[in-house]
Amino acid sequence: MRCPSCGHENPEVARLCRDCGTSLYIDCPNCGHENFADRSLCTNCWTQLRESEPVGFGEGRVLPAFEMGRPAGFWIRLLASLVDNIPLTLVTALLAWLLFGENFFDTFTPEFETAQDGTVTSTGGGFTGGQGINIILGAMYATAFVSLLGGTIGVLLFRMRILRPDGTMLGPGRAFARFVVLTATFALFVIPAIVSAFMVATRQDRRGIHDLICDTVVIIREDSAREV
């Protein structure tokens, strides 16, 4: 463990620096949780412990948000999305049926027609009331959960958090904007959706187009403080 004061490398079990005597742990002033002294944010309540300049990868330090956990990759974020969208789809289908008389296929399945030469083309089916309900519910759900809890149910279930690079929570405006950009990227534009998915899968910080535009990160939270 590197001493934050003198830089001396200490054994993992050390609690005081063996070179200068500085404590290698610091208690959070808000919740009392014990953290490594080189942390800038509490790994339990995210209170700022010391001043920190966010620095990117490749410079020996990482963004403060990544002190609290590693960047979340593509597959775990995809699973979280499925956990969120399956119940949301079912609720949307129920409300669309009650309010507009639409069945599931009217709302979520595009319409096709067959020409005389046998060619099958999509007619689009138009924008339906059920699709409007789906967007409104999705926006309310994402905005409320991300701004209040740091993630949707699927995100929290897999111990992930959606944060600012400095480790702070998103406000309602930024959470809503992230939902809009994410929805537009993956629902309306094929090439940007592929590019964004590729970025999440390959970038070291696992940030997609929506993360870069809205200045957010997704982490898998890890409590790195140890009881010795």
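What you are looking at is a predicted structure, and each value in this text was computed from that prediction instead of being measured. Sequence order as written defines residue numbering, which begins from 1 separately in each chain. Only residues with pLDDT of at least 70 get local features here, since the model is predicted, and only at 80 or more are side-chain atom pairs given and counted; chain-wide, interface and lining totals rely on the full set of residues. Excluded from the side-chain calculation are hydrogens and water; included are all heavy atoms of the structure.

> Let's hear about unusual backbone geometry: which residues, and what values?
Despite not being glycine, Arg159 has its phi angle at roughly 60 degrees, a positive value. Each residue is placed in one exposure class: buried if its accessible area under a 1.4 Å probe, protein chains only, is under 20% of its type's maximum, exposed if it is over 50%, and partly exposed if it falls in between. Accessibility expressed as a relative area gives 47% for Arg159, which makes it partly exposed. Positive phi, close to 55 degrees, is recorded for Arg206, a residue that is not glycine. Secondary structure elements follow DSSP: runs of H or I of four or more residues count as helices, runs of E of two or more count as strands, with numbering from the N terminus. Along the chain, Arg206 falls in the loop between helix 6 (190-202) and helix 7 (209-214).

> Before we move on, can you summarise helix 3 (residues 129-149) with the specific residues and values?
Each helix should span, by expectation, one fewer than its residue count multiplied by 1.5 Å. The first and last C-alpha atoms of helix 3 sit 30 Å apart over 21 residues, in line with the 30 Å expected at 1.5 Å per residue. Buried residues of helix 3: Gly130, Gly132, Ile133, Gly138, Ala139, Tyr141, Ala142, Thr143, Val146 and Ser147, and no others. Following helix 3 by one or two positions, Gly150 adopts a phi angle in the positive range, close to 90 degrees.

> Lay out the packing of aromatic side chains in plain terms, naming residues and giving numbers.
The aromatic pairing rule takes the rings of Phe, Tyr and Trp, using the six-membered ring of Trp, and pairs them if the centres are within 6.5 Å, calling planes under 30 degrees apart stacked, those over 60 edge-to-face and the rest tilted. Applying the stated criterion to the full structure yields 2 aromatic pairs. A ring pair is formed by Tyr141 and Phe145, whose centres lie 4.9 Å apart and whose planes are at 55 degrees; its orientation type is tilted. Here Phe145 and Tyr141 lie together in helix 3, a separation of 4 residues that amounts to about one turn.

> Describe a nonpolar patch on the surface, naming the residues involved and giving the relevant values.
Patch rule: a residue counts if its relative accessible area is over 30% and it has no salt bridge; like charges are joined within 9 Å, and nonpolar side chains (Val, Leu, Ile, Met, Phe, Trp, Tyr) within 5 Å. All accessible-area figures derive from a Shrake-Rupley calculation using a 1.4 Å probe, and residue coverage is judged against the displayed protein chains alone. For this document, the term salt bridge refers to a Lys or Arg side-chain nitrogen within 4 Å of an Asp or Glu carboxyl oxygen. Judged by side-chain polarity, Trp75, Leu78, Leu79, Leu82, Ile86 and Leu90 come together as a nonpolar surface patch covering roughly 640 Å² of accessible area. Classification of Trp75 by relative accessible area gives exposed; the value is 64%.

> Give a description of the environment of Asn85 that names residues and reports values.
Note on placement: Asn85 falls in helix 1 (residues 74-100). Sequence spacing of Asn85 and Gly138 is 53 residues, and the spatial spacing of their C-alpha atoms is 8.5 Å. Pairs of N or O atoms within 3.5 Å make up the polar contacts considered here, provided that, within protein, one atom can donate a hydrogen while the other can accept it, and that residues adjacent in sequence are counted only when both atoms are side-chain atoms. Looking at Asn85, its side chain comes within polar contact range of the main-chain oxygen of Ser81, at 2.7 Å.

> Kindly report on the sheet that holds strand 7 (residues 217-221), identifying the contributing residues and their values.
On the basis of which strands lie adjacent, the open sheet formed by 3 strands has the order 3-7-6 and antiparallel pairing. Here the strands that pair on one side only, and so sit at the sheet edges, are strand 3 (69-71) and strand 6 (160-163). The sheet shows a mean angle of 40 degrees between the axes of neighbouring strands, taken without regard to direction. Two strands qualify as a pair provided that DSSP identifies no fewer than 2 bridges between them. In terms of strand pairing, strand 6 meets strand 7 through 4 bridges, oriented antiparallel. Along strand 7, the bridge assignment pairs Arg161 with Ile219. Lines are fitted to the C-alpha atoms to define the axes, a helix being fitted only along its stretch in contact, and any angle between axes, read from their N-to-C directions, falls within 0 to 180 degrees.

> Can you lay out the pattern of salt bridges for me, pointing to particular residues and giving the numbers?
Taken as a whole and assessed by the stated rule, the structure comprises 5 salt bridges. Of the charged contacts, one joins Asp215 and Arg164 as a salt bridge, the two residues approaching to 3.1 Å between their closest N and O atoms. A residue pair is termed long-range when its members are at least 10 positions apart, and Asp215 in the loop between helix 7 and strand 7 and Arg164 in the loop between strand 6 and helix 5 (172-188) qualify at 51 residues. Overall, the relative accessible area of 21% leaves Arg164 in the partly exposed class. For the salt bridge of Arg178 with Asp211, the shortest nitrogen-to-oxygen distance reads 2.9 Å. In this pair, Arg178 sits in helix 5 while Asp211 sits in helix 7, placing the two residues 33 residues apart along the sequence. With a relative accessible area of 9%, Arg178 lands in the buried category. When its relative accessible area of 0% is taken as the criterion, Asp211 is described as buried. Linked through salt bridges whose partners overlap, the residues forming this network are Arg77, Arg178 and Asp211.

> Give a description of helix 6 that names residues and reports values.
Taking 1.5 Å of rise per residue, 13 residues should cover 18 Å, and helix 6 covers 18 Å from first to last C-alpha, within 8% of that figure. When checking whether two residues touch, look at their non-hydrogen atoms; a contact exists if any pair is within 4.5 Å. In the core, the buried residues of helix 6 are packed alongside helix 1, helix 5 and helix 7.

> Give me the packing of helix 5 against helix 6: which residues, what numbers.
Put simply, helix 5 and helix 6 touch, their axes get as near as 6 Å, and they point 115 degrees apart. Between helix 5 and helix 6, the angle is such that the two are roughly perpendicular. Across the interface between the two elements, Thr185, Phe186 and Leu188 from helix 5 touch Val190, Pro192, Ala193, Ser196 and Ala197 from helix 6. Its residues assigned to classes, the contact of helix 5 with helix 6 shows 6 nonpolar, 2 polar and no charged. By the definition adopted for this analysis, an angle is roughly parallel if under 35 degrees, roughly antiparallel if over 145, roughly perpendicular if from 65 to 115, and oblique otherwise. For this classification, Asp, Glu, Lys and Arg are treated as charged, while Ala, Val, Leu, Ile, Met, Phe, Trp, Tyr, Cys and Pro are nonpolar and the rest, including Gly, are polar.

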